[in-house]
Structures are given as C-alpha cells and as structure tokens.
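One letter stands for each residue in the lines below.
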Amino acid sequence: MYSQLPSKEEDEDSAPTPAPPQPPSNKWKNAWTRFLFSIPMIGGFILILWLGPFYVALLVVSLQVKSFHELMVIGHSKYSSLELPWYRVLNWYFLGVANYFFFGESLTSYFRNLFIGEDYLNKLANYHRFISYWLYLGGFIVFVLSLRKKKYTVQFTLFGWTHIVLLCCVVQSHLIIQNCFEGLYWLLYPASMVICNDIMAYFFGFCFGKTPLIKLSPKKTWEGFIGGFFATMVFGVLVSKTMYQFKHLICPVEYDGSALVISNCDPGYVFNQQTFDLPLGIQGLLSLFGVSWNTVSFRPIHFHGAVMAMFASLIAPFGGFFASGFKRAFKLKDFGDLIPGHGGVIDRMDCQFLMGTFVFVYYFSFIKSVSVNSVIQIIHGMSGESQLELHKTLGDLLATRGLL
C-alpha cells in the first residue's frame, strides 16, 4: 500500500542521485529551448498587463489552479490504486470554497460599491464569512462520511496534503492579487526582479558556474547566485526609475460602475521626491571628511525597490530550493511538462509565490497608508443611520479643528 512513497529507511540525501554532467551539446540545446519559450512567456505577461487589472487577476487565478492541479496529481498518483471515495471531487471543492472566501474578502474590502443597489449582493457581502464557513463545513462533513476502514491513514494524510497545497497556492495567489489591486507596480516590479534574478543566475551559472551552492539543487552554483544578485540590484534601480513614471502602473484599481479600471491618482508620497534630515551621528561622520550634508533628497520608492531587489536575489531563490527538495523527496524531475525547457507552472512560480507574499507583508507594513477610497469603501458598508451619525461626528470634529 505504501510502497510508492519514500520509506523511512530512504535517506533524502541519497534519493534521487544527481544526474551526471550533461554533454555540451545537450546543455546548449536545453539552454536554447529555455530561451525560446521564455520570450513568449514574457511577451504574454506584458500583453496581459496592458489589458488591465482584471486580466492580470485572471492570469494569477489560472496559474493558481494549474499549480494546485500539479501538486494534487502527485498525491493522486501515489494512491490512485486505492480508489479513495470523493478524493478528487473534494480537492476541487475545497479549492472552489477557498477562492470564494478570498475573492469575496477582496471584493468586499476594495470594491464595496459593487454591491450598492442590489439587496441580495449586499446580503452576500454582509454574510460572506458565515457562508464561506458553512461551505467549508459541508466539505468537511463529506470527508468524514467518506472515511473507510483500513484507509484512514491515507485519507487523513491526503486531507492534510490538500490543505497545505491550498495554503501554498490559494493564499499566496490571493496576496499577489491584493498587490495588483494596490497598483500594477507592486506586481510587475517584484515579478520582474525574480525573472531577472532567475535569468541572470542561470546565465552566470551556465557560463562561469563551478562551485556547487546547495545539495538540494545540484545545478545551482555560487557563481550564478552572486552574479544574479548584482545583476538584479542594477536591474532593479534602472527598472524602478522607469516604472514609476507611468500612472497606469502606480495607481490602485477601482470600480467605476461597470468594470475594474486604473484610478486617476496622484503619485503619492512614496513616488515623489522627499527630503530627509540625516541623523546627527551621520552628519558628524561626514563632517570628518569635510562634507556638510544635513539633509538628503530621494524618492522613497528607490529604497523600497532596493529592499525588494535584495529579497528577490537573496531570499526568494529559497522558494526554488524548497521546490527542488520537494521534487527530490518524490523523485520528480519537474512538476509538469507544460512549458518546454522550464517544466510545470510550479517550476516557474515557486519563487514568485514567496516574493508576492513578501511584497504584500512589506507593503502593508511600511508603505500602505489609509486612503480616501478605502474609507469610502467602509462607509458604503454602513447602514444609513450609521452614515448620518458619521457625517455629524466628522462635521463636529472638522469644525473643532477649524477646518470648516
């Protein structure tokens, strides 16, 4: 029953054995295939960005579903002979419920005015979490009823597997979509950093790689890792200076009554030139060299961009190392064969998921500020009496401050 899984006696360091070095002809053939299929992927991504935020969100969901499928196939292939009841149906059901919950959360927090004027939509928004909870409970009850004697261990193992995959795919893709709603910049810039690091690490490793970096991924080298880091930092500075000039990229998404559109916003604090006072300690240190700087001026986005570029080149690759270790544990070469030269979607998205989650946490911790639009969305969800009370309270407050 369990013979298809790695046994406890199998040491992960010994399975699978790293493949012998490829002949130069195969090495160049693989590199050429990888390059040829990278061009349409990048071109398609740029096209979808140009089409707008709705299509970007649709792309992220498509990648999420395919990633979920690739990971669930691994579990199903190991236990397909057991004919587990409702296994595949419940997997897709839980995926649907998870997406219903997270997309509902996004719609009710970002686009509350979507539900104005439609009583049933407003009720769906008000009771969204309650509905989501009972949808999940329905799947949970079906799972309990599907338990079969002598299959308990396998069924509970796969139940846990499904939830881990949901955490890795659905939650992180939801955070990436949240980044997109704050402005396409917060999706495009970090994604381009990961792509740059991946390409340049591959290039430097291909041309100069001699020193192995990590056992989990035998093809990765220190030369590629370091070369990718410096190339990503330089690329990050150049790209950041270009991207913030386009309002289409830096303005958040809003609902105009008929579709999701890019709002017409002011660039805001983070994208404008700011002047900062230097700490006294740094001023004193500079004075030793005859430099009398008391202030420094720069756009805060350059600092934030450098942080994201460092994460993309130093931390995000560990998403790839994790995926490599996962493949070794299950003796897989790739998660799929959808993209020639690259493998499956997970093979391309392992670092992107980690990067997207970091950008979400970083943005909402250090960059995001309360906007008028976000307050309006909250007001839309209030009753008429509460809105009138808010109006009176806000009027009294502004009058007290002399603003009215």
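Chains are numbered independently. Their residues run from 1 in the order of the written sequence. Local features in this predicted model are restricted to residues of pLDDT 70 or higher, and side-chain atom pairs are both shown and tallied only at a pLDDT of 80 or more, whereas totals for entire chains, interfaces and linings draw on every residue. Side-chain numbers come from the whole structure's heavy atoms, not from hydrogens or water.

## Description of the confidence of the model for the protein chain
At step 1: For the protein chain, the mean per-residue pLDDT works out to 84, and 89% of the residues sit at or above 70.
At step 2: Per-residue confidence from the prediction method is given by pLDDT, with values spanning 0 to 100. Each helix is a run of DSSP H or I of at least 4 residues and each strand a run of E of at least 2, with the numbering of both proceeding from the N terminus. Mean pLDDT across the secondary structure elements of the protein chain bottoms out at helix H14 (residues 372-380), with 70, and peaks at helix H5 (residues 128-146), with 96.
At step 3: Taken together, the stretch residues 1-20 has pLDDT below 50 and engages in 21 contacts with residues farther than four places along the chain or on a different chain. Note on contacts: a residue pair is in contact if any heavy atoms of the two residues lie within 4.5 Å.

## Examining the nonpolar core
At step 1: Here the nonpolar core consists of buried residues drawn from Ala, Val, Leu, Ile, Met, Phe, Trp, Tyr and Cys, with membership extended through side-chain atoms lying within 4.5 Å. Accessible area is worked out with a 1.4 Å probe on protein chains only. A residue is then buried under 20% of its type maximum, exposed over 50%, and partly exposed in between. Leu71, Trp161, Tyr185, Trp186, Tyr189 and Phe271 are the most contacted members of the largest nonpolar core, which totals 73 residues.
At step 2: Broken down by element, this core gets its largest block of residues, twelve residues, from helix H6 (residues 152-181).
At step 3: Once residues lying within four places of it in the same chain are set aside, the contact partners of tyrosine 185 are Pro190, Ser240, Met243, Tyr244, Leu249, Ile250, Phe271 and Ile301.

## As for helix H8 (residues 222-243)
At step 1: Here H8 contains 22 residues, and its C-alpha end-to-end distance of 31 Å stays within 8% of the 32 Å for a straight helix at 1.5 Å per residue.
At step 2: For H8, the secondary structure elements touched by its buried residues are helix H7 (185-208), strand S1 (212-214), strand S2 (217-221), helix H9 (247-250), helix H11 (300-314) and helix H12 (317-329). The length a helix should cover is 1.5 Å for every residue beyond the first.

## Some remarks on empty space enclosed by the protein
At step 1: A pocket here means an open set of points on a 1 Å grid, computed over the protein atoms alone, that has protein on both sides within 12 Å along at least five of seven lines. A cavity is instead a set of points where a 1.4 Å probe fits but cannot get out; residues with an atom within 4 Å of a point line either one. Grid points are joined across faces, edges and corners, and a volume is the space filled by probe spheres set on the points. Within this structure, the stated rule accounts for two cavities of 30 Å³ or more.
At step 2: As for the largest cavity, its lining consists of 13 residues, of which Tyr87, Leu90, Phe143, Gln155 and Phe159 are closest to the centre.
At step 3: Among the secondary structure elements, those contributing two or more residues to the lining of the largest cavity are helix H3 (87-110), H5 and H6.
At step 4: Here the term charged refers only to Asp, Glu, Lys and Arg, the term nonpolar to Ala, Val, Leu, Ile, Met, Phe, Trp, Tyr, Cys and Pro, and the term polar to all other amino acids, Gly among them. Here the residues of the lining of the largest cavity are counted per class, giving nine nonpolar, four polar and no charged.
At step 5: Roughly 70 Å³ of internal volume is contained in the second largest cavity.
At step 6: Considering the residues around the second largest cavity, the lining is formed by Phe68, His69, Met72, Val73, His76, Tyr87, Arg88, Asn91 and Trp92.
At step 7: Put simply, the parts of the chain that give the lining of the second largest cavity at least two residues each are helix H2 (53-79) and H3.
At step 8: In terms of residue count, the dominant contributor to the lining of the second largest cavity is H2 (five residues).
At step 9: Here the residues of the lining of the second largest cavity sort into five nonpolar, three polar and one charged.

## Considerations on the state of the cysteines
At step 1: The rule for a disulfide is simple: a pair of cysteine sulfur atoms within 2.5 Å. If you walk through the whole model with that rule in mind, you get one disulfide.
At step 2: The residue that forms a disulfide with cysteine 251 is cysteine 265, at a sulfur-sulfur distance of 2.0 Å. Note on the cysteine 251 and cysteine 265 pair: the S-S dihedral is about -90°, so by sign convention the disulfide is left-handed. With cysteine 251 in the loop between H9 and strand S3 (253-255) and cysteine 265 in the loop between strand S4 (260-262) and strand S5 (274-277), this pair connects stretches of sequence that are 14 residues apart.

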